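Observations on the model geometry
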Amino acid sequence: MAVKKEKRTEREEKRDSHAITELSEEYLTRHAKKFKRSWQEDERILNRDVLPVWGKRKVADITKRHINLLLESIVDRGAPIMANNTFKIVRRMFNYAVEKDILVYSPAMGLKMQSPKVRRERTLSETEISTLWSSLGTATMSDDVRRALRLILVTAQRPNEVIGMHTREIDGSWWTIPSERAKNGKAHRVFLTDTALESIGDLKIPDEKTGKLVPKGYIFACPHKSKDTSISHHALSRAIVNNCPSGCINDCGSCEDANCKTDKRKLDEKNRLGIIHFTPHDLRRTASTFMAEDRVMDKVIDAILNHVKGELGKIYILYRYDKEKRLALKKWEKRLKAITTVKPAAAA
């Protein structure tokens, strides 16, 4: 009994001394990096919104009130979606602490998200596509970001999967997204139209030392030469916001943003893309919507988007619709060319 009491006392003391910084590091190392493809997003949110506020606190001292105050502060700065994402990660981190006996129970238990989850329905119109396609050329963003945004619209693939594209994944007119990079864990074949290949560019570049042509590696490589990785998935969103502010409706007369109204810059200086604000994922939704409008079958669109099939489909239906995907993407390319070759209408 004395030994059990001593061990219990040791556990309680360890719990009391465990700091949030320690828990965060342990959670990222032993859980997120092992089981989550998006662990970098967990790390970014913890470093940005959680550790600056709770870093010096003990894990055992965090209460529901602390979590609510943290999330409310994020909502108050105008980022309700970020508040929801932060809550998911904080809840997951505290659940990990319970599993590892760092906590007896999670302070996030019973809490709900601060903001209702709103499903985005934004798609670009033909006029917006035409305007965006031409304005990307003069927007203040890197050429890699510019080409990546176009490629998302052309292929209807996920932004994260597009920016991670590597030359080893490309074979002629087909791009195979490996299972470790695909969101659903299933390798995915994407047909590359001529327009897609133009956005991808050269697959080989001269070696700096020998001058011989070698595989480029990452198509959208990180600008830091010391890092063998692709550009950050936040680079696309940042580039859009810098050229087309979040919430911008592209109409100063109807704008309800008081700070924007007091800005003396002209609309084309604030919004260089010339359309209502959008996200990289909206381009994927736009492409799939236009394919549906052109009577492409739902099962073919699902195959292009690499959506998860039901249990029956995963086990018994292994056909990958390569022929149908090729025809659908070539059809979308034809329409996209017709849209982008039309001179965009002048902004109102």
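In what follows, the accompanying structure is described. (Residues numbered from 1 in each chain as written. Predicted model: local features only at pLDDT ≥ 70, side-chain atom pairs only at ≥ 80, totals over all residues. Heavy atoms only, no water.)

Let us now look at the sheet that holds strand β2 (residues 174-177). Hydrogen bonds along the backbone pair up the strands of a sheet, which may run parallel or antiparallel. Spatial ordering of the open sheet is given by β1-β2-β3, a layout of 3 strands whose pairing is antiparallel. Each having just a single partner strand, β1 (170-171) and β3 (188-191) make up the two edges of the open sheet. Summarising the sheet, β2 and β3 pair through 4 bridges and their orientation is antiparallel. Across the sheet, residue Trp 175 finds its bridge partner in β3, namely Val 190. (Pairing = 2+ DSSP bridges. Helix = DSSP H or I, 4+ residues; strand = E, 2+ residues; numbered from the N terminus.)

On to the packing of aromatic side chains. Applying the stated criterion across every chain yields a total of 4 aromatic pairs. Pairing Trp 54 with Phe 94 gives two aromatic rings, centres 6.2 Å apart and planes at 40 degrees, and the pair type is tilted. Residue Trp 54 is located in helix α3 (residues 39-54), and its partner Phe 94 is located in helix α5 (residues 80-99); the two are separated by 40 residues in the primary sequence. Like Trp 54, the residue Phe 94 is buried in the burial classification. Stacked on the ring of Trp 133, the Lys or Arg Arg 150 has its end atom at 5.1 Å from the ring centre. (Phe/Tyr/Trp six-rings, centres within 6.5 Å; stacked < 30°, edge-to-face > 60°. Buried < 20%, exposed > 50% of the residue type's maximum accessible area, 1.4 Å probe, protein only. Lys NZ or Arg CZ within 6 Å of the ring centre and 35° of its normal.)

Enumeration according to the criterion identifies 17 salt bridges in this entry. Of the charged contacts, one joins Asp 49 and Arg 48 as a salt bridge, the two residues approaching to 4.0 Å between their closest N and O atoms. Judged by relative accessible area, which is 6%, Asp 49 ranks as buried. When the shortest N-O distance is used, the salt bridge between Glu 293 and Arg 335 registers 2.7 Å. Here the residue Glu 293 occupies a position in helix α13 (residues 280-293), and Arg 335 occupies one in helix α16 (residues 322-340), the gap between them amounting to 42 residues. For Glu 293, a relative accessible area of 48% puts it in the partly exposed group. One salt-bridge network, held together by shared partners, links Glu 126, Glu 293, Asp 294 and Arg 335. (Salt bridge = Lys/Arg side-chain N within 4 Å of Asp/Glu carboxyl O.)

Tracing the backbone shows Phe 220 in the loop between β5 (213-215) and α10 (234-243). For the pair Phe 220 and Val 162, spaced 58 residues apart in sequence, the C-alpha to C-alpha distance is 8.6 Å.

As a general feature of sheets, a regular strand has side chains that alternate between the two faces. As defined by bridge partners, β1 adjoins β2 across 2 bridges and the pair is classed as antiparallel. Within the sheet, the bridge partner assigned to Ile 170 lies in β2 and is Trp 175. From the end of β1 to the start of β2, which pair antiparallel, there are 2 residues, and Gly 172 there has a positive phi angle of about 65 degrees.

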